[in-house]
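An overview of the molecular structure
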Amino acid sequence: MTGKRVCPRTLTAQTSMTTTANLHEHRFSFHGLDLRYRTSMPSLLSSATAWGVYSQRDMPDAGSQLTIHFEEVPDRRAVPVSLSSSARRLFSGTRPVLGNSMRALWHCEILEDGGRLLVDVRGQGVLMIDAQRGNAQGYFFRPSAMHRDSLDMYFRYALSELLRPKNIFALDSTALELHGRGVLIAGHSGCGKTTALLSLLRSGYRYLSDDTSLLWDRGAGMEVLAFPATIEVADRTVAFFPELRDASPSPLRQGIYKKSFHAEEIYPVTGARSCEPTMILFPQVTNMPHSCLEPLSKGHALEALMPQPSFFQNEELAKREFLALSRLVQRSASYRLHFGLDVLDLPSLITPLVERH
Amino acid sequence: MWCGSRLTDQSASWPQPFSVPDADTDCPEKSVPPTQEPDAAHWGKMMRLMPARNPLVQGVPMEGDTILFDLRTGRLHRLNSLGTAIWEQCTGSATLHEIHRAICARTGLSSDRAHDGVVSFISQWSHEGLLSSDTV
């Protein structure tokens, strides 16, 4: 169930690139899916290569192709997207759409038009995602002035929407693997998700994802797929971990709101590629000296994992996602983690339960 | 978004006429007093309804309860064991009267309790669009 992670810096060995005029096309195998990323802008290229892309896997959906095309346009009027009169607004505001780190970044309007999803990110650009046809276009106004993390997130968001018709659904959670068993840590920003992730990582768990995980519902089985990104940490989280707090030179890079680092730079265990989910943790930070686990009903776990209602674009996809999440909570043990001050001792609480499953 | 057990407040949410017996219902444990004639007529008509689950509502069993997911709104509803038993009967081929009898037999509840539960749940689901509109 697990495989070798391809380090982002060795991606070129796993991918192909073609260049036509100013258009660069990178072709990846993402968990067996043929993913093509086209862009004319070097600054936009980093969004595709900033995270790990995985290969050497049996094709789950051979022949299927996903295409993401990002390019620069001078302003909103130059975006070659028109809406029909039947377009409907799904969301307008600043709520997080994908992963907690987007919370403050997504001042956006999301519309649905004939099966396409249009995401108008005010002041930055427009994404048009046609998941049924497997393609997404992004038009950005000044990408060279945008933080790399922003472009990375737009890329990941577009990709996660393209994956939904393939029965691969994004979850607001981090994910790790231990001996083929997956642990999801779900919840909103500030609940202790990344702190729990780091505590388990340093004890030998393997990294799958931070902030957003991918759940692949194969019908007969279910897998959590790696969807790696740089790990974002708040200063109060850094303070718990000497390998982050005391390292010199510091491995931490300043992001937009938090600092970030690559997991493999700090923790020697390589990342995992996929695993079977066995446990879901819903942390909440407490001031108790010791952490404890409280079994959570499957119904409440399902409710906590379900996406925001306003983002349901398609009834068939919504049904499939609901059934996938239902199966996930049926197969997994769910716990509320009352996360105390003994952060570094978390593995002694979690690991025996993981190994028991 | 999360709706808890409907049983706890069903007596408060349901008007009195439906908590009285009805001669038309043919229930062995119930009978309608003659003084209830106007309500009984309405009641009898209602008990012949054959509620059907809205196909845009997906349900999954979960630890004895049922989680309903409304595909149109993204809202979740949790049904307790009685709600689950009633929901399973809403196939569009059983009248409320037949559902009531089935619930009596399946749950062991008294006829009055089962009756109130059936009527309360059906009313609530109808109001929330969880049942096909042409069946209730």
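So, how was this worked out
- Residues numbered from 1 in each chain as written.
- Chains lettered and ligands numbered in written order.
- Predicted model: local features only at pLDDT ≥ 70, side-chain atom pairs only at ≥ 80, totals over all residues.
- Helix = DSSP H or I, 4+ residues; strand = E, 2+ residues; numbered from the N terminus.
- Buried ≥ 20, exposed ≤ 12 C-beta atoms within 10 Å, placed from the backbone.
- Contact = placed C-beta atoms within 7 Å.
- Arc of directions from axis to C-beta.
- Pairing = 2+ DSSP bridges.
- pLDDT = per-residue confidence, 0-100.

Turning next to the overall build of chain B. Within chain B one finds five helices and three strands. Going through the 136 residues of chain B one by one, you find that 35% of them count as buried. A separation threshold of at least 6 residues defines the contact pool for chain B, and within that pool the share at least 24 residues apart is 53%.

Take the interface of chain A and chain B next. Listed as interface residues are 14 residues of chain A and, on the opposing side, 16 residues of chain B. Mapped onto the side of chain A that touches chain B, the elements with two or more residues apiece are helix H7 (298–305) and helix H8 (315–331) of chain A. It is H8(A) that provides the largest number of residues to the side of chain A that touches chain B, a total of six residues.

Attention shifts here to helix H9 (residues 346–356) of chain A. Because an α-helix completes one turn every 3.6 residues, residues spaced three or four positions apart along the sequence face the same direction. Residue and element names in this part refer to chain A. Looking only at H9, the buried set comprises Leu-346, Ile-350 and Val-354. Projected onto a plane normal to the axis of H9, the buried residues spread over an arc of 35° and lie on a single side. More than 90 degrees from the buried face of H9, the exposed residues found are Ser-348, Pro-352, Glu-355 and Arg-356. For H9, the elements touching its buried residues are strand E11 (173–178), strand E12 (181–186), helix H3 (193–201) and strand E19 (274–285).

Another point: the pairing of strand E4 (residues 65–72) of chain A. Residues and elements named next belong to chain A. Pairing of strand E3 (residues 33–39) with E4, which is carried by six bridges, proceeds in the parallel orientation. By the bridge assignment for E4, Thr-39 is matched with Phe-70. In this structure, E4 lies alongside strand E9 (residues 135–140), joined through six bridges in parallel fashion. From the neighbouring strand, His-69 faces E9, where its bridge partner is Gln-137.

Turning our attention to the confidence of the model for chain A. Residues and elements named next belong to chain A. Per-residue confidence for chain A averages 83 on the pLDDT scale, and 83% of its residues sit at or above 70. Across residues 52–60, where pLDDT falls below 50, the model places 28 contacts with residues more than four positions away in sequence or in other chains. Scored below 50 in pLDDT, residues 97–104 makes 24 contacts in the model with residues more than four places away or belonging to other chains.

Take the sheet that holds strand E17 (residues 253–254) of chain A next. All names here are of chain A. Taken in spatial order, the three strands make up an open sheet running E16-E18-E17, and their pairing is antiparallel. Looking at which strands have only one partner, the edges of the open sheet turn out to be strand E16 (231–233) and E17. Sheet topology note: the E17/strand E18 (residues 259–261) ladder contains two bridges and is antiparallel. What sits directly across from Gln-254, in E18, is Lys-259.

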